[in-house]
Amino acid sequence: MAEQDGRKGILVVDFGSQYVQLIARRVRENRVRSVVESPAVSVERIKEINPRGIIFSGGPSSVYDKGAPGLDRRILDLGIPVLGICYGMQVIGKLAGGRIRKSGRREYGRAIVRFRGKDPLFTGIAPESVTWMSHRDKVETLPKGFRSIARSENTPCAAFYNPEKNVYGVQFHPEVAHTADGGKMVRNFLFNICGCKRTWTMRSFIKKKVTDIREQAGGRDVVLGLSGGVDSTVCAVLLHRALGKRLHCVFVNNGLLRRNEAERVERLFRKNIRLDLRVVDAEKRFLKALKGVEDPEKKRKIIGRTFIRVFEESAGKIKNAVFLAQGTLYPDVIESRSFFGGPSKTIKSHHNVGGLPRKMGLKLMEPLRDLFKDEVREVGRELGLAREVTDRQPFPGPGLAVRIMGEVTGERLDTLRAADWIIIDVAKKRNIYYRTWQIFGVFLPVKSVGVMGDSRTYEDTIAIRAVTSVDGMTADWARVPYDVLEEMSGRIINEVEGVNRVVFDISSKPPSTIEWE
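Note that the structure is a prediction, hence the values are computed from the model and not measured. (Residues numbered from 1 in each chain as written. Predicted model: local features only at pLDDT ≥ 70, side-chain atom pairs only at ≥ 80, totals over all residues. Heavy atoms only, no water.)

**Student:** For this particular structure, what's the right way to read the packing of helix α5 (residues 202-217) against helix α6 (residues 230-243)?
**Tutor:** Relative orientation and spacing of two packed helices are given, respectively, by the angle between their axes and the distance between those axes. As a packed pair, α5 and α6 sit with axes 9 Å apart at the nearest point and diverge in direction by 65°. In this structure, the crossing between α5 and α6 has a hand that is right-handed. Contacts between α5 and α6 pair I206, K209, V210, I213, R214 and A217 from the former with L238, L239, R241, A242 and L243 from the latter. In terms of residue class, the contact of α5 with α6 is made up of eight nonpolar, no polar and three charged. (Axes fitted to C-alpha atoms, helices over the stretch in contact; angles between N-to-C directions. Helix = DSSP H or I, 4+ residues; strand = E, 2+ residues; numbered from the N terminus. Left-handed = near helix turned anticlockwise from the far one by under 90°. Contact = heavy atoms within 4.5 Å. Nonpolar A, V, L, I, M, F, W, Y, C, P; charged D, E, K, R; others polar.)

**Student:** For this particular structure, what's the right way to read the state of the cysteines?
**Tutor:** By definition, a disulfide links two cysteine residues through a covalent bond between their sulfur atoms. With the rule as written, the count across this model stands at zero disulfides. Note on C194: no disulfide assigned, nearest cysteine sulfur contributed by C196 at a separation of 5.0 Å. A residue is classified by how much of its surface remains accessible, and C194, at 4% relative accessible area, is buried. The exposure class of C196 is buried, given its relative accessible area of 5%. (Disulfide = S-S within 2.5 Å. Buried < 20%, exposed > 50% of the residue type's maximum accessible area, 1.4 Å probe, protein only.)

**Student:** What is the right way to read the sheet that holds strand β13 (residues 321-325) from this model?
**Tutor:** To summarise the sheet geometry, strands pair through backbone hydrogen bonds and adopt either a parallel or an antiparallel arrangement. Read across the open sheet, the five strands follow the order β12-β11-β10-β13-β14; overall the sheet is parallel. One side of each edge strand has no neighbouring strand; the edge strands of this open sheet are β12 (277-281) and β14 (363-365). For this sheet the average axis-to-axis angle between neighbouring strands, irrespective of direction, equals 30°. Pairing between strand β10 (residues 221-226) and strand β11 (residues 247-253): five bridges, direction parallel. What sits directly across from V222, in β11, is L247. (Pairing = 2+ DSSP bridges.)

**Student:** Explain helix α13 (residues 410-429) to me, please; I cannot follow it from the model alone.
**Tutor:** Think of an α-helix as 3.6 residues a turn; residues three or four steps apart then line up on the same face. End to end, α13 covers 29 Å across 20 residues, agreeing with the expected 28 Å (1.5 Å per residue, within 8%). Those residues of α13 that sit buried are L413, T415, L416, R417, A418, A419, D420, I422, I423, I424, V426 and A427. Among the structural elements, α8 (283-290), β15 (438-452), β16 (455-468), α14 (482-495) and β18 (499-505) are those in contact with the buried residues of α13. Positive backbone phi, approximately 60°, marks N431, located one or two places after α13. (Expected span 1.5 Å × (residues − 1).)

Structural measurements only, silent on function.
Right, here's the structure in full:
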């Protein structure tokens, strides 16, 4: 992955933006390696990474706020091209001696930007272009050596450039799809300004991760928390390539799984992939811990704590086991906390991130935590996994517990399993399953009156949730044909005891989340 002069890839500095990994993703989409670090990154660490370019992300702070994240100003003197985005631009302005002030009018959403000349960052872009803004501050006074190279109606300096230091700043967000020419700007920075080469692929990611895993393990054994989903399966195969017999997979049947899921996992890993698999039946333990609990965050944290305790007990029986591996992905991390524990807001705790207990007997190993779901699928294909594994839809770590509104009981689980099985069965037969990001059932403890066989019923409700997405960070509700919904609804009401009503969720993310809890 190294370039001819030894420099490689792009360093992304995270100032707490929820777009930070989207920036890293845009870099990787161009087959260029990216590394994410916090603002505390030292000059020495940057020299060790030896990047061809550096990108400063946006962030929720103002540079003049008390405690606002900053960085070592010597970074601008390393001779490495820098691109600051939004807050990152303002950090550059402040470090270089400019003046940052609150704008008289905030600028959020669509904005037309006019470019002043043919600067390298804007090569091939029309004099005017649609961008996406999200800021309340502005660069009021340019630092010495910088010149303004773009403006919007509300922002006189929408971009600046220091040709001597090869440092750029843009007030808008080129990494988001709403910025019409954002992709061109990113490519201009990567290839025209930084001189990157298209050498980073999933194959190179696997090669590097295998080396990283071996170095982290250091000859000790690893226990993998296996669920059987895409993430943990890809994680298992990747870890097995690096560790061989030193990998021990533990599958916990927590009683919150889909119909026949435990049997499927055993068959896949024992007979097909042939990894060391240990099955733990903990259904009663989980249901006991969840008894009477209705709050979704409490449910997630209870499941997380119980999950880890079960692993600790299982790992205690494995000699030399020091690490607990998980298939954590970036959307899990960013919804639970900032990538580096920074200022971004918690949306909900994921059982393998925010639900972890403070003290744990095993060290964590998360080789996929900086990837999005579609990238993990690519890794799986590169590792030789079949489509029914790599293209399987996401399933939440807390299982059906977060698809049951309110208390989780054995009876409600049985009802939801039966309904969900029908939804998936129809989706696959009607060619809907692989065209949606997720399609599943949700149990609503909302009873309504119905009529069956000339008799009055008063029973529960099942919601069908179907969404389209690329990476799980945003999602739109899927336009499932009415006749498909009709088949799902008819079968659920006729085949599932205790349900007399089916509804369809037409909410997007945001403002909703994909899962209901």
